[in-house]
Structures are given as structure tokens and as C-alpha cells.
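# Survey of secondary and tertiary structure
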Amino acid sequence: MVALYNEIKLILATHIAFYRRHPWLIALFFIGFSLGSALLTAIAGLNQEAKNRYDNSSALINNPVSHLIKPLAGKVYINGNIWLKLRQKGITTAQPVLRGRIATSEGTLGIQGVDTLLWLNSKPYLQTEISSGQAGGPFALSSLLVDSQFKDRLTTTTGERLPFIFQNERHQPNIYFADDIGLWAITDLANADYLLDAKGQLSFIELSNLTQQQQAQIQLLIAGRAELIDVQQQEFDILSQAFFFNLTALAMLGYIVAAFLSFNAIKLTLSARRKLLQQLHLLGCSTRGIQISLLIELMVLSLFTALLGTAGGYVIANALVLDINSTLVGLYQLDKALVINWQWFNVLLGFSLNIISLVVILLAQAKQITVKGERLFYTLLVCTCVVLIWLLNYASTELQALLVCFTILVLFILMVPKVLSALACLPIHIRNPLAQWLHCDTRYYLKDLHIAVVAILVALGSAIGMQIMVKSFSNTLNAHLEKQLSADIYLRSTSLDSTLRDTLSSESGVKLLSIYMQSEGNVDQIPAKLASFGEGSQHYQHISLTSAKLVTEDDFSNEGCLANEQSKIKFGFSLGNKVVFKQNATRFTCRITGFFYDYGNPAISLLTQEKRHKSTALNSDYFGYSIRLKVGTTVAAFSERLIEDFNQDSTQILDNKQFKRYAKTLFEDTFVVTKALNSFILAIALLSLCTSLLSLSTNQLKQLTILRHLGVTKYQLLGMKLLQTSGVVLVTTLFAIPLGFALGYALLAFVMPIAFGWTIHFSVDFMHLLLTCLTLVGVSVVCAYLPIRRIIKQESQEH
Amino acid sequence: MLKNRLFSVFVLCILCACQPAEQQKSKKTEMGSALQVSIGEPVKPSEILSFPQDHGIHNKQGIEWWYLTANLKTANNETFGVQWTLFRTLMPSKINSQWWDNNLYFAHFAMQSKQEHIAFERFARVGQASVTSSPFNASIDNWQLKSNENTFLPLTLSAEQEGYAVELTLAQSPLTLHGDNGYSQKTQSGHASYYYSYPFLNVTGKLTFAGNHYSVTGNAWYDREWSASLLDKQQRGWDWFSLVDSQSGDKKGLMLFCIRGDDQGYDYCSGSKISANGKVTQIPQQDITLTVINTVSLDNRDYPSKWQVQLANSEAIIIESITKDSRNQLSIEYWEGRVKATGGFNGKGYAELTGY
Amino acid sequence: MIEIKDLCFSRTDGSNKQRIINNLNLSIDNSQQLALLGDSGSGKTTLLHILAGLIKAHSGVVSVNRHLLSSMNEHELTLYRRKIGLIFQHYQLLECLNVKQNILFQHKLNFPHQDVEGFDTLVNELGLDGKLDSLVHQLSGGEQQRVGIARALLNKPQIILADEPTGNLDQTRSHQVVKLLTQLCRRRKINLVMVTHSEELTSYFDEVKVLRDGCFV
């Protein structure tokens, strides 16, 4: 045992000495797996944070929230007595939360009132002196703990406090800034009730560790007054699945690209170490000892890269979290900001992935595999083609949609290197000896750059595919919003004023006045909205039907309603289907007579007419009016009238440009993360190229030496190699374009409809595409310059 | 765990006026500190207690409690101690909300058996906690002490938490007004409270201790007290005893209360001898000599575990704690546990030691 | 014509400075064939590399056919190397090119627009006809060395520098290669300077100089 231990120690010391002499190899290994792990753990971390967002209650107690008692659909508050009743029944984990917004002149602040008396019970508090207001002075429950990100809304540039603006007279709360508080400033429940004038009402109640019996007890207690929901089954969780799926897919792609870096390193390490390992064996080291040493080395490297990767992932996730938060809050009704915490689980995830990748890579190096390379290649190619054809015809789930993209990638990964090699072997008659040498050397050079070529192909192809997706979505959305937000003026209002409505409708400058009224509920447990714009089909002409027809009265006759496109594509409804829209105990039934485009909405949306909508007992929210003006009446003039003659708040009047801007900004936010991840993946691919060049085999160096001896100048060599590299990258780029188009098509034809339920028309920004490709080629040349120059310098130094 | 940084900023500010308090002041001075402060209006000696009103809240005074202690046993003579107290302290605020009535309510629920002692604490605001005088009901969430009928007695006490619970009926005790018709002087400087008790409550009911269920009977002592402050600034705390002799024919009771000064010596004592019908004979300060005979060390602090009480014209009474570590390790730490008395008074009761 | 005057070259190994060439003087006439003999570490290869322009002397004057190597920069030395013939111990052939392409390489580099003269003759003389389409790794050691010789000769250099060209060959083939090389050079009136450690092979040369510790003995 001792002998084996000594042997292993000696072998490991030799390996360490090897790495010291080849620092680039170890760096390549580390960078590759770390970057890949970083991406994956960043997204996994975000996903997990979203799932774990209820691990701490709103009052920041480490008591995971399992259920919420929320207002009935359409209501904003619940009666505070519900909380008191729960506690009287012994459900003492029930904690109240009251949320609302208060405003300064610079913006609004979300505040949430919680039971801060809980903090008196907690151990940390016991270390602090309790003071019940010394010397009989005023007792300060009126403190507000605010996240530092909101400082600019509450203070002037000189640091002075901006007062909050209240409808009724209120004392200003004391404000304290701190980090990681989140979107909602925290204060005591009583203070929140006071500032928001909530009259004892609550926004929701949090509950922890409920038994089945308690759940049943609560259901009885709150029946008809509130609803009990599992925190993991909220609208956010259902609606945001596709978003996180999207991010996860991107991260997987990043991991694959980054894994190529490590693949390269392992390949180079093994070939460089093969001789060393043989020598060790020759000198008397046992096979077992060598194998164990290699295993230890692998495990240690995997662990380090996983740690590095998780640290990197933590940084990336924190960098992305603001954009992701705004997307999740804006589009998916996330009610808490995600806060990124270090999670050891991610280290484990990175470690496991690295080990699996290492095993796969090592197996690929095995003699049996390399010997049967050709057969394996053709088998893989045929399988990929078969799978792709099947998926193109039958893909129906999100995973299958993603597999379409994956098989397209695999197909190109298999084909492109072969095509490149074939191109390099074309029998072209060249007279110039340098060109001749360059041509035949490219065959060998391609072998060395194989991994980098694949990495660039995958990264650029994906980037182009994403660009096409983003551009197509953007164009489709623009066109959609042009029609949907085509009213001249939008007047926001939370209530329906019949008098105002009648007066405005009869104004000479007004062509049409519509309302927007919406009820929230669900259809077959899927979150859904029911909306109406007025009585009569003229109020629905801004709706684009998928049939390209105009909305008519027939669409609403016989309990007819329109459903959004997502209902059909994602949720499986068809024309003529009867749907039951549920809100609490109220039911609204309608027959689908048509589908309309509804981009950006992940849920089901139904449209009916105003009278029928109002005749139901559904709780509804009013959002305001849309006003179409007659020719000759300007937006500015009418807006002025609304303010002066109709006493409307100018901040509630929006022209359609502003509205469209808001809508577009929200969607652009969703793609910020995609673009960031794309750039990251491209950077990894370029790094792969750079490091591949740096670690070119000694054979390449030998050939360069010979050329130098034969009188080829340094600059000629540099020029030749750069030309060679640029050529390879350029040709790879040319292949990346059809790959990008194929991926773009797959994303639009499969992923978008299946994951989100949207039909998006294919659009390409050729200029942008060209720019991306040229930039990549240009940057590749820059990346290639240093390593090649180094090799040439190294070669001349050896003499 | 709470985020410490957030916690230290916020909690200090929410309950402290303006300036954060010292963080490391020891708990032993907290009870004393809390009660040295004067909150609300001092009680006046001339007031006549009137019921059922005085079972309820006295808003003008800043400190008030509804305090129950009980010595219980099973048919097998297994013994238990129970303490249940609802506290109210005045905490004015400029917030006008139905979630705050300028009072902070908190309750302690403690049980002990043999040498095991456990205590629970809850904090509450108006609505969660409420006290009504008629019919009487003092509750905090699902802990409740309430009259069963329109009369004050009998009472039901129900409380439970984490495998410890009581469901007790308390009945048949005379009302005892301590001091001068309830006006009870605490210190030489004149700190006083209104203080009355129901000392001889017969108890029947059920009890759960560490998940095990028992049927119990026994005696409970119910105290009501309200004041603006109970201690001078230089006084540390008190030793309080409530003893009931239920062996010798009619029940009789003894209440002793001794305040300790900065040097932990007994500054001022007062007491009540209670006859079976609740009549009180005040024991003046000069007639009471309390001496600590034995102590027990609990976390490097010495708590008395045995006393000698010398009353005028009376055999010395030896009082000894039953569960040695009866500390309620809650937001304020104090010792509250069963005691037995021998010598000049034979009986059982409860002791409360604060400020150690 | 080769002229060397007071040539010095040292190598620094850590803190030790080792004199490899020590005030060497040499004069080789046109068309002369010189064998440089010496043990390992005598400085013979270093001297050859200086003559080939692969390294620069630290002091002294080196002139090859009126090319003053000591005053040339790296670019000029590279261009100078195109015009001479170099034969190496480890053949230094371009692996991806076939035999014909290897032989023609340096000539095409020098004379890109000129037709090649004497290619077939040279190939015949060296016995490489029938191997022209083979890749270099398909040839034996001797054959590879002959390709190296053909490449050097086709260039029509005025001087050929050969660094232990028989180092990887057996005795029989060594004699064959050296005999062939000297014959071909003599026929074409080319200066030949060959480094060897084998005294036997020096019999084919006009002059033999022995190098020891950086000096001629």
C-alpha cells in the first residue's frame, strides 16, 4: 500500500512538472471547463433562485413559504381578519403581507408591510437591547428599509430626501438604505397600512409547512373570500417555463462550445503525455499506479474547474439578474426580485458535468474509437439525418423542438470538417512553391484546427440563428404593434366613467372611443384573461386575426369569442371549441370563432364584447380608453382638450408612439440576456481558436523551421499562416451562414410556436449578418496573429 | 437566518427612538431596564377597583399583565408546573392604523416537570391579542384565558405549542386585593401598582408535556397587575413568591415580594398573608427578612435555589425551588418556577426571580 | 570563395559563458571541397550554421562569395540562404509535398518564372526517378537524403553546406551519399563544406580541417 502511495505521489509530481512546462495546456483545460460550467451554473442558478424564491418569507425569516392565501381573481386585497382568524385557529405560521406603491416626484416605490414583531422573537434580536422608546419618547415603527437601487427615486442629486406624496396627510417615514432588500421596501404592517390607507386589508398571507389537515381547515375558513395556492404553482411558474427553457438551452450550447476548448486541451495533453506515460511504465511504474494518478488528476481538475465555474457563474448571474428580473416582473408577473446566492449545488452540477464530459472525451480518444472512426462517422451521420427528418415532421414538445436545433447542429458539425478537408484536397494546379506548400499543408493544419473550426461553426451558426430569431420577432412585433396600438390617444383610467365616455364619444373630433376591460382567471388551470373593448365589432378592428380576415359581428354571435394564437398552438384549442373561463366560482363560457395574434403574451387570452362581459359577475379591471380621432383633429390639440376641458391628468394621456415604445422596451429586455450569452459563446469560440493555434503540434513548428532554412522570410511565413487561418475561418463562416439560417428557421418554425405559441415570420438583417461574419473573420485574424508570430519567433530563437 | 446587516440596522431603528442602543448589554439587566422605565401615568392610591371593568386593559398605565401560575399533579402524583402570562406594554407611535393601538402585547407560556423546563414566547399587535373585561377574555392568537360564563369564574386556559399544551378549568377562588385595596407599593421611593389575585383556583384539566398527555388537578394562582413603573433606577430586579398551603384544612396563602438593589441585596420587601376567604393581612417591610441560603449556578450566574424567610412572630420559612433551572430564556430572561415551602409555612407555589 | 577572419562565438548557459568558436580563421577557394572534422562539442556545426546565416557570430568577419554575412540583417540572411544549398542531418524535407515538389521547392523560390534545367538529369544521377510522386515518409533514409541533395543542387548554388548528412545512415550508404555528393559538386564546380565526425568519409574531400574546442588544429 505504501509502495503504491509513493508511486502515485511520484507520478503526480511528474504530471505537475509536465504542466509547469506546458502552462497553456492546463490553462486551456481550466478555461474551457470553467467557462462552460460558468454559463450553465449561471442559468441553473437563476432557475433555482426562481424556484427557491420562497425559501425566505417576505419578512426575511428563514422559514420557507409553502402556500399563499391570495385575493380572489380580480380582487386586489383580502380582509385582514382572515389572518387573525387563522392565528386564532392555531395556524401560527400565517404571516401577513401588505403591498402597495407610494410616490415621490422622481418615481414610485413599492413597499411591503410585514409583521416586524416576528423579529423580536429571533435569536439575533436577543443580542440587542430592547428599548420601548426611552424616556417616554415617540415610538418609531415608521421606518422604511429600502434597497440601495432606489436611492435616486428618494433623494435629490445633493442627497436630500424627497418627500413622499400622499393623497391624505401622512407623516413621512424614516428611510434606511441597505443592499439585497429587493423590489419591495420593508416596513411594519401598521406603517404600510397607514401609508397606503389600506384600512386593515392585506395583499396576501404567507404560510409555511401546512399539513393536509390544515390546508382543508384553511379552505373552509377562507371559502368565498380568498384562495389558497401552492407557491410552486403560481402563474409565474407556469408562464415562465418557456423563458427558462430558452435560457437553459442557450447555456447548454455555451457549455458544448466551451467543452470543445477542454477537448482540445485533453487531446493535446494526451498526445504530449503519451510518450511520458510510456516512459513511466518503462521505468517501472505499474499500470494501476498510472491509472489511479490519472484518475486523481482528473477529479482534482474537475473539482477546481467546477469551483471556478460556479464562481464565474455567480458573477455572470449577478450581471444578468437585473435584466432578467425586469423581464420576469414585466412579462411573467414575478412578484419578488431574484437575488443570486452562492449555491454549492451548482459546484456539484459543474463537477458532475465536467466528469461526464471528460469521460466522453477520453473515450473518444480510445484506440477502438479512432480505429473505427470512419464507420462511427457514417453511423452517426445517418442516425442524425433520420432523427432530423422525423423531428421535422413530428416534433410537438419543447424538448423535441430543441432537438431539431440540436440535430441540425450535429449534422453541420459532422459535415463541415469533412467538407473542409475535401476542399483542401482538391487537386488544384499551383505553380508558386509557397502556395503549393500552403495548399497541401492546409490538410494537416485543418486537423490541428478541427476543434476550433467546430467551435466557431457552432458559435457563429447559433449567433446567426439567434439574430434571425430576434430580428424576425422584432419585425413581427413591430408590425403587430403598428396595428394593435393604432389608436391615436390612450387615456389611462382605473375606473369607467360613463359620463366621460359618452361625452368623449359624442365629440366632433372623435371617430371612435373604445375601452379596455379585463378579467383574470383560468381556463383548464391555465392562466387566462378575458377582455373586451366595447360593444360592436368596430372596436375590434385593431385585432389581427390569423385568418387575415377582419373581425365582424359574427365572431361574437352565439356566445362567440376570439382566442389568441397561443391557445391554438400551445394549448391545443381549435375553432368551434367551447371554453370555460373560470374566475373563483364564476364561469364564463364561449365558443371560439377565431384566433388572433397576441405576441409577448404567454397565457391564454379571450375577447368578447362589452355587454356580455359586464353581464357576468366577473371581477374586472379597467385600464382606460383608446381614442381614434377624425382626420383634421390632431393628437396634440385633443390631448390639450382632455387636460383643459375634461380635467384629465396629463400623465395618464399617452400617444400611441409612447405606448409602442413601452411595449418594445419590455421585449427588447428579454433578448438582452440572449445577446449577452451569444456574445459570450462567440468569445469562447475565438478563445478556442487562439489556444488551438498556440498549442500547434511540434510538427507544424518543424515544417516552419524547414521553410525558414530554405529561405522563406519571416514575413512570408507570417503572411502565409495568417492567410491560411483566415481562409479556414472564412470558409467555416460561409458554412456557418446556412447553419444559422437552418437554426433560425428551426427556432421560428418549431421552438417559438411550441414553447411560446407564437407564429413569427422569417426576417433577416443581411447587413447585420454580414457585419457579424466579417467581424468574426477580422477578430480571428487578430486572434491568430499573436500565436503564429510567437511560433515563428520561437522557431527562429531555436537557432 | 436573518440577514444580520439588515437586521441590525432595521430592528434597532424600528424599536429604538433615533439612536441605536448598545448591542452587547447583558440580558440580565434587560428585564430590570425595561421595568425601570416609566411608561404611562403612575397609578393613584385613591382609586377603587371595580369589576368586571378592572379585569380588562388599563390604557393609561404602561405595564400590565394577566399572570397565571399553577402547581398540578396527576393521579400518579406526577407533578407539573405551568405558567401563562399575557403582557401589555405601552408603545406609542404616530402611526394611525387598525394594526396598532399603541400597545405591544406578548405572552409567555412555560411548563416544567421534574428538572425539565420549557418556555415559549409570542409577540402580537392589536387584533392578534385582545382583552375584554366582560365576558373576560385575554387571548393572543390561539392562547386564551377566558371566562366560561358571564361571571368571571370559572376560567378556561388553553394554550399549545410544539407538543406542549394545557386545557385547564380554573374555579372557586376568592378575590384578593394586595396592599391597600389593591394599591401595592413596590419601592421606598413610591413606585406602585394595582395588584390583585385569585390565589386559590382549583384546577382540573388536561396537559400535554413533550407530546405525552395527562389528566391533572391542582392549584393555580392568578395575578393581575398594572403600573407605570415598578423599580427605581438603581434597583436590579425582584424575588417574588406565591405560596399556597392546601394541606391544613382551609387554604391559606402567602405572597412575598422583595426588590433587590444594585448590590443584589434586598432593598425593600412587602408581603400579604391571605386567608381562605381572600382577606389580606399586609406584612410590612420591617417584618420581612429574606435570606438566600443556597444558590445554583446556571451559565456562570448564580441564582438562589433556597431561601429563608423570617416573618415577625413566626417560625422561619424555608423556600426551595423544585426545578432548579426554571429560566425562561426568552427575549427577556428571568427565572419562573415551582417552589415548596416548609417550616413556618407549608405549601407549594411559584417564585419569580428577575434581574439576575 | 569563403573567408573567415577572427571569428568568435560564445553561448551563455545560465551564468556560464562558453566559447564555442575561438578566433577562427579560414579561407576556402572556389570549387574547393572541405571536410570539417571534429568530435561533439568541437564547434563544427556552429561554424556551419554561421556560414549558412542561421546564426550570427559575435565578432569577426565572415564573407561567402563576397557576401559579408557579419553585416547582414536577418532578412538579408534569409534571402542569402535561398542562394546556397543546405543539406541537413535530419533531411529537413517538407512532409506534405512529394519528392518532386520538395526538389523543386527552393529553385522555384529563387527563380519563380524560370524553367528548370537539368531536373531529369539530376534525378537520374541520384536514382530518384520512379519516386517523384512519393511522399517523403515513404522513402528510406538514404533516399530522403538524396532528395535533400537534389534540392540543394537544383538550386545551382555556388556553395553547398552539409551538416552531417550521413548522420542517420549506415556506413555503406554514408559512403554512397558522400561519394555522390562530392562527385556532383566537383562536376558542377560548387564549393562544398561538409561537417562530419567520421574520418573515413574525409577521403573524398580536397581538404580536411580538424576542429577542436573552437579552433583548428
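The coordinates are above.
What comes next is a walk through the structure. (Residues numbered from 1 in each chain as written. Chains lettered and ligands numbered in written order. Predicted model: local features only at pLDDT ≥ 70, side-chain atom pairs only at ≥ 80, totals over all residues.)

This brings us to the pairing of strand β12 (residues 192–209) of chain B. Each regular strand shows side chains that alternate between the opposite faces of the sheet. Residue and element names in this part refer to chain B. The buried fraction of β12 is high, at 14 of 18 residues. Pairing geometry for strand β9 (residues 164–171) and β12, over seven bridges, is antiparallel. Note on β12: the bridge partner recorded for Thr169 is Thr204. Here two bridges tie strand β10 (residues 176–177) to β12, and the two strands are oriented antiparallel to one another. Bridging from a neighbouring strand, Thr176 pairs with Ser197 of β12. Relative to β12, strand β11 (residues 183–185) runs antiparallel, the two being bridged by three bridges. Within β12, the residue paired with Ser184 across the bridge is Ser193. Relative to strand β13 (residues 212–227), β12 runs antiparallel, the two sharing 15 bridges. If you follow Tyr195 over to β13, its bridge partner there is Glu225. (Buried ≥ 20, exposed ≤ 12 C-beta atoms within 10 Å, placed from the backbone. Helix = DSSP H or I, 4+ residues; strand = E, 2+ residues; numbered from the N terminus. Pairing = 2+ DSSP bridges.)

Here we come to the packing of helix α14 (residues 398–424) of chain A against helix α16 (residues 450–484) of chain A. Residue and element names in this part refer to chain A. Where α14 meets α16, the axes come as close as 10 Å, and the angle between the chain directions of the two elements is 135 degrees. On the basis of their axis angle, the class for α14 and α16 is oblique. Two packed elements cross with a definite hand, and for α14 against α16 that hand is right-handed. From α14, Leu409, Phe412, Ile413, Val416, Pro417 and Leu420 reach across to α16, where they touch His450, Val453, Val454, Leu457, Val458 and Gly461. Taken together, the residues of the contact of α14 with α16 sort by class into ten nonpolar, two polar and no charged. (Axes fitted to C-alpha atoms, helices over the stretch in contact; angles between N-to-C directions. Parallel < 35°, antiparallel > 145°, perpendicular 65-115°, else oblique. Left-handed = near helix turned anticlockwise from the far one by under 90°. Contact = placed C-beta atoms within 7 Å. Nonpolar A, V, L, I, M, F, W, Y, C, P; charged D, E, K, R; others polar.)

This next bit is on the interface of chain C and chain A. At the interface, 21 residues of chain C touch 16 residues of chain A. Those elements that provide at least two residues to the side of chain C that touches chain A are α2 (74–82) and α3 (99–110) of chain C. At six residues, α3 of chain C tops the list of elements feeding residues into the side of chain C that touches chain A. A per-class count over the side of chain C that touches chain A returns eleven nonpolar, six polar and four charged.

Without other data, these values stay purely geometric and don't point to any function.
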